Number of protein chains: 4
Amino acid sequence: MTHSGARDRTGGRRPRRHDPGRRIRILDAALDVLVERGMTGMTHRHVAARADVPLGSVTYHFAGLAELQAQAFARFVELQTAVFERLFDDVGTREEFVEVLVDLVHASPARQRSAVLGFELHLAALRDPGLRVLAEAWTRSSQEALARFVGAEAAARLDALLEGMIMHALLATGPRSREAARAAIDPAVERPGPDGFPRTQGEHHVR
Amino acid sequence: MTHSGARDRTGGRRPRRHDPGRRIRILDAALDVLVERGMTGMTHRHVAARADVPLGSVTYHFAGLAELQAQAFARFVELQTAVFERLFDDVGTREEFVEVLVDLVHASPARQRSAVLGFELHLAALRDPGLRVLAEAWTRSSQEALARFVGAEAAARLDALLEGMIMHALLATGPRSREAARAAIDPAVERPGPDGFPRTQGEHHVR
Amino acid sequence: MTHSGARDRTGGRRPRRHDPGRRIRILDAALDVLVERGMTGMTHRHVAARADVPLGSVTYHFAGLAELQAQAFARFVELQTAVFERLFDDVGTREEFVEVLVDLVHASPARQRSAVLGFELHLAALRDPGLRVLAEAWTRSSQEALARFVGAEAAARLDALLEGMIMHALLATGPRSREAARAAIDPAVERPGPDGFPRTQGEHHVR
Amino acid sequence: MTHSGARDRTGGRRPRRHDPGRRIRILDAALDVLVERGMTGMTHRHVAARADVPLGSVTYHFAGLAELQAQAFARFVELQTAVFERLFDDVGTREEFVEVLVDLVHASPARQRSAVLGFELHLAALRDPGLRVLAEAWTRSSQEALARFVGAEAAARLDALLEGMIMHALLATGPRSREAARAAIDPAVERPGPDGFPRTQGEHHVR
DNA sequence: TATGAATGAGGGTTCATTCAT
DNA sequence: GATGAATGAACCCTCATTCAT
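Residues numbered from 1 in each chain as written. Chains lettered and ligands numbered in written order. Predicted model: local features only at pLDDT ≥ 70, side-chain atom pairs only at ≥ 80, totals over all residues. Heavy atoms only, no water.

### What to know about the packing of helix α7 (residues 129-146) of chain C against helix α8 (residues 152-171) of chain C
Packed helices, taken two at a time, are described by the angle their axes make and the gap between the axes. Residues and elements named next belong to chain C. Viewed as axis vectors pointing N to C, α7 and α8 meet at an angle of 115 degrees, and their least axial separation amounts to 9 Å. By the angle between their axes, α7 is roughly perpendicular relative to α8. Seen along the crossing, α7 lies across α8 with a hand that is right-handed. Contacts between α7 and α8 involve W138, T139, S142, Q143 and L146 from the former and A155, A156, L158, D159, L162 and E163 from the latter. Broken down by class, the residue content of the contact of α7 with α8 amounts to 6 nonpolar, 3 polar and 2 charged. (Axes fitted to C-alpha atoms, helices over the stretch in contact; angles between N-to-C directions. Helix = DSSP H or I, 4+ residues; strand = E, 2+ residues; numbered from the N terminus. Parallel < 35°, antiparallel > 145°, perpendicular 65-115°, else oblique. Left-handed = near helix turned anticlockwise from the far one by under 90°. Contact = heavy atoms within 4.5 Å. Nonpolar A, V, L, I, M, F, W, Y, C, P; charged D, E, K, R; others polar.)

### Quick word on the environment of G41(D)
Locating G41(D) in the fold gives a position in helix α1 (residues 22-41). Each residue touching G41(D), except ones within four places of it in the same chain, is listed here: V33(D) and H46(D).

### Side note on the UniProt feature "domain: HTH tetR-type" (unreviewed entry) in chain A
UniProt records the feature "domain: HTH tetR-type" (unreviewed entry) at residues 20-80 of chain A, using the numbering of this structure. Across residues 20-80 of chain A, helical content stands at 80% and strand content at 0%; the span's end C-alpha atoms are separated by 21 Å. (UniProt positions renumbered as here; feature names shortened; annotations may be inferred.)

### Examining the packing of aromatic side chains
Scanning the model with the defined rule gives 20 aromatic pairs over all chains in all. Their ring planes at 80 degrees and their centres at 5.3 Å tell us that F84(A) and F88(A) sit as a pair that is edge-to-face. Side by side, F84(A) and F88(A) carry an identical accessibility label, which is buried. Ring centres 5.5 Å apart and planes at 55 degrees place the aromatic pair F88(B) and F149(B) in the tilted group. With a gap of 61 residues between them, F88(B) in the loop between α4 (65-87) and α5 (94-105) and F149(B) in the loop between α7 (129-146) and α8 (152-171) connect regions that are remote in the sequence. Each member of the pair, F88(B) as well as F149(B), carries the same accessibility label: buried. Members of the aromatic cluster, joined through ring pairs, are F84(A), F88(A), F97(A) and F149(A). (Phe/Tyr/Trp six-rings, centres within 6.5 Å; stacked < 30°, edge-to-face > 60°. Buried < 20%, exposed > 50% of the residue type's maximum accessible area, 1.4 Å probe, protein only.)

### Digging into α7(C)
With 18 residues, α7(C) should cover 26 Å at 1.5 Å per step; its first-to-last C-alpha distance of 26 Å lies within 8% of that length. If you check which residues of α7(C) are buried, you get G130(C), L131(C), L134(C), A135(C), W138(C), T139(C), S141(C), S142(C), Q143(C), A145(C) and L146(C). In this fold, the buried residues of α7(C) make contact with α4 (65-87), α5 (94-105), α6 (109-127) and α8 of chain C together with α8 (152-171) of chain D. The N-cap residue of α7(C) is D128(C): its side-chain oxygen and the backbone nitrogen of G130(C) are 2.8 Å apart. (Expected span 1.5 Å × (residues − 1). Polar contact = N/O pair within 3.5 Å; in protein donor to acceptor, adjacent residues only side chain to side chain.)

### A short note on the environment of Q112(A)
All names here are of chain A. Residue position: Q112 is located in helix α6 (residues 109-127). Judged by relative accessible area, which is 31%, Q112 ranks as partly exposed. C-alpha separation for the pair Q112 and I166, spaced 54 residues apart in sequence, amounts to 8.6 Å.

### Here's the deal with the relation of the copies chain C and chain D
Take chain C, turn it by 180 degrees, move it 0.1 Å along the axis, and it overlays chain D with an RMSD of 0.3 Å. Those values place the two copies in the arrangement expected of a two-fold rotation axis. Interface residue correspondence from chain C to chain D reaches 100%, placing this contact among same-surface, isologous pairings. (Least-squares fit on C-alpha atoms with pLDDT ≥ 70 in both.)

### Looking at the confidence of the model for chain A
Residues and elements named next belong to chain A. In the predicted model, chain A carries a mean pLDDT of 85, and 82% of its residues have values of at least 70. Averaged pLDDT values over the elements of chain A bottom out at 92 in helix α9 (residues 178-185) and peak at 97 in helix α2 (residues 44-51). Across residues 1-17, where pLDDT falls below 50, the model places 30 contacts with residues more than four positions away in sequence or in other chains. Taken as a whole, residues 202-207 scores under 50 in pLDDT and shows 7 contacts with residues more than four places along the chain or in a different chain. (pLDDT = per-residue confidence, 0-100.)

### A short note on the pattern of salt bridges
Following the criterion strictly, the structure yields 41 salt bridges over all chains and no others. The partner of R182(B) in a salt bridge is E99(B), and the shortest N-O contact between them spans 2.9 Å. With R182(B) in helix α9 (residues 178-185) and E99(B) in helix α5, the pair connects residues that are 83 residues apart, well separated along the chain. The structure contains a network of salt bridges with shared partners spanning D32(A), E36(A), R50(A) and R113(A). (Salt bridge = Lys/Arg side-chain N within 4 Å of Asp/Glu carboxyl O.)

### What to know about the interface of chain A and chain B
Tallying the contact residues gives 35 residues for chain A and 35 residues for chain B. Here chain A meets chain B over a buried area of about 2700 Å², counting both sides, of which 67% is carbon and sulfur. Three residues stand out in chain A for area buried against chain B, namely R127(A), H168(A) and L171(A), and they jointly supply 25% of the buried area on that side. Ionic pairing is found between R127(B) and E120(A), a salt bridge with its closest N-O pair at 2.9 Å. (Buried area = accessible area lost by both parts, 1.4 Å probe.)

### Overview of the interface of chain C and chain D
In this complex, chain C contributes 35 residues to the contact, which on the side of chain D involves 35 residues. The contact between chain C and chain D buries some 2700 Å² in all, and 67% of this surface belongs to carbon and sulfur atoms. Three residues, R127(C), H168(C) and L171(C), lead the burial of chain C against chain D; their summed loss comes to 25% of the area buried on that side. Our enumeration of links across chain C and chain D arrives at 2 salt bridges. Our enumeration of links across chain C and chain D arrives at 13 residue pairs in polar contact (both at pLDDT 80 or more). Elements that contribute at least two residues to the side of chain C that touches chain D include exactly α1 (20-37), α6, α7, α8 and α9 (178-185) of chain C. Here the side of chain C that touches chain D takes 11 residues from α8(C), the largest share from any one element. A class-by-class count of the residues in the side of chain C that touches chain D yields 18 nonpolar, 8 polar and 9 charged.

### Here's the deal with the domain arrangement of chain A
Residues and elements named next belong to chain A. Segmentation of chain A into domains returns domain 1 (11-63) and domain 2 (73-198). Each partner contributes to the interface: domain 1 provides 9 residues, whereas domain 2 provides 9 residues. Summing both partners gives a buried area of about 820 Å² for domain 1 against domain 2, and 70% of it is carried by carbon and sulfur. It is L31, V35 and M39 in domain 1 that bury the most area against domain 2; as a group they hold 56% of the surface buried on that side. Scanning the region where domain 1 abuts domain 2 turns up 2 salt bridges. Between D32 and R113 there is a salt bridge; the shortest N-O distance is 2.4 Å. Residues of the side of domain 1 that touches domain 2, tallied by class, amount to 6 nonpolar, 1 polar and 2 charged. (Domains from an automatic or database assignment.)

Shown next, in the form of structure tokens:
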């Protein structure tokens, strides 16, 4: 098995001559499949069916399954980074910051989707170095977004706490109370120093 | 063509000796495979090869792949619960408790293994209600172990934090510093009340 | 494949030491399975499940699947011959004879069962000479039973007609009218000669 | 282990040329297998071997074994209907008609083949409603062909008689005498009415 | 004696991938 | 450029049969 010329796993978009939307549609379909059936179910055929394109179209646009997966994860990280950034756009006070984080761990369908994809990425990255850079990029961007409001170390801690809480929330049968979530998150958010809140203003152009 | 149009299957030739304990060995092999190749690689063949038994032996002992997976996860939860319990056997002070938790998030190979299995279980449970009860049992037993030293709510928070940190540690390329880990964990462990530490003494026989 | 010592396909009952009923129960279960799932479904396991005996019990009492099938068919022929004989026990007149035959082609559940088994035997016998003697025995006994009332040639014709009608009746969706059946059968039954009806009296001890 | 934990299937190497007509060849091979090995032997692998195509080719062209069987039976009915029609093309008199029918029950190899297929279809249809319509179509077309020469009720009777005789002929060890067959068939064919023979003239374009 | 354990063949099916069109 | 046909590996699973108990 020669890996059949997949570039560096995330690059190399290849054809794109016309109908450029099709490539994106396939990637989004791949993420849908990933959410619903897991890595095990991520096959050319399932993706093609989901994207409503012929089977050949998937193999045509992507050099192999591994590349399709890598690019799908890349798209996920890209989209998710933007979403995560925007999440804090209206945050002005510490209370608002905490409130957004509490929302974060509550499993709306959209949240659920991205959480599942994130965990799939994490697990896949454990065994595929090519995906590892994506996972790290995602973690870094998350922590950078948090670091607009708390210190770097606190951001890392907070990120870990949120990740664990989200995982627990995913599996919880009954809806978790916001109060419990807030009680967990609030202490992990630093009190604002004399320099106000948020800590750092300005540049948060991720990537 | 033989004497009849009947199914011409000829039976096996060399049945191996009676081998009690084979079931368990298959389950352990299944967990090994799960760690190394993920859910995607968890096939009858890989498991059989890992356990060094014929393919038919795996299908003989387990009614289907789903049952093999479920029982493998069940064995993981059972083993891990005991391990987790024992982790705190020698803990007498708050400092020792924190130290054990810091160890926990540092990725020794054994830790890494159980962490990966735990995350795989979490993800699999999302799509399989039958596994959900196992995942919940695992979470509950973890939190109960922690709750010997901190309150129930704190235990839940601590568990989430640890889970997130372990996942981050799994993916981190360089080794994390113990100090950073301690700085994250320590504040999440309640100060002992007037009733000393640990909170609850005595019986922690997990069943 | 050496046929593993099956006697002459129909003989050789083998153990019968105690619980002699079990062997019969297995054969009857085999016929049940044959009716419901066809030759394709006639497996040791299905038969064992149907007879409610352990799998090993089936392989123990029968030297191989072919022998089980052969003996099951033998039992069918034996039972069916007796049933067919008895069918005409109360027949005294030509009209009664025709009426019994009309009943015969009407698919009561019991009829349906034996018809299916008969056709399965026919088809299986095409490819297995060992079964062919059974099929011939069955045909012969049927025609002999009929020949108590009509001539030998007429019996053969009548038998063929009945067989074809039964097959058609099996597949017919709606219930066939008795009149149509009688209209087909009646002309195929000879008018009684001056020697009365039935033609031959006495010995019909089928063995 | 390669670059990833992904499914490590390597694709095929030497796709053969585009081969229209392969579908049909597979269906014909399936019928051959059905004749020789019965329903029990009708497997993807046997059919593939018979058609001299790779296993994957059979599963590619047919969504499942059931569909392969259904389409094979459909092809049989289609072909056989045409053959049966043509059988009577040169029939002008009642005697010729009877003679053709007598031929019919005599087991030439080609006859044998279609007879076996027909009986297999009958039996399979008993357990598969999807095949039932095919069996009915076949029966109907047979009777319609006969009904060109005799009345509808007589056609049904004649069809049943022929079917039974063919089955008996299939199993008979020695060749049956034509006279016996004629003696059975002739009385079942109506005497031509005043309108001559055949009853209906002209167009017998089946479908 | 009777039965569960064990095994390798083979069952239907899905799949990544290649190639001709 | 884009796609269906084609293929062989591997998938899960069932099976007849043998053997130890």
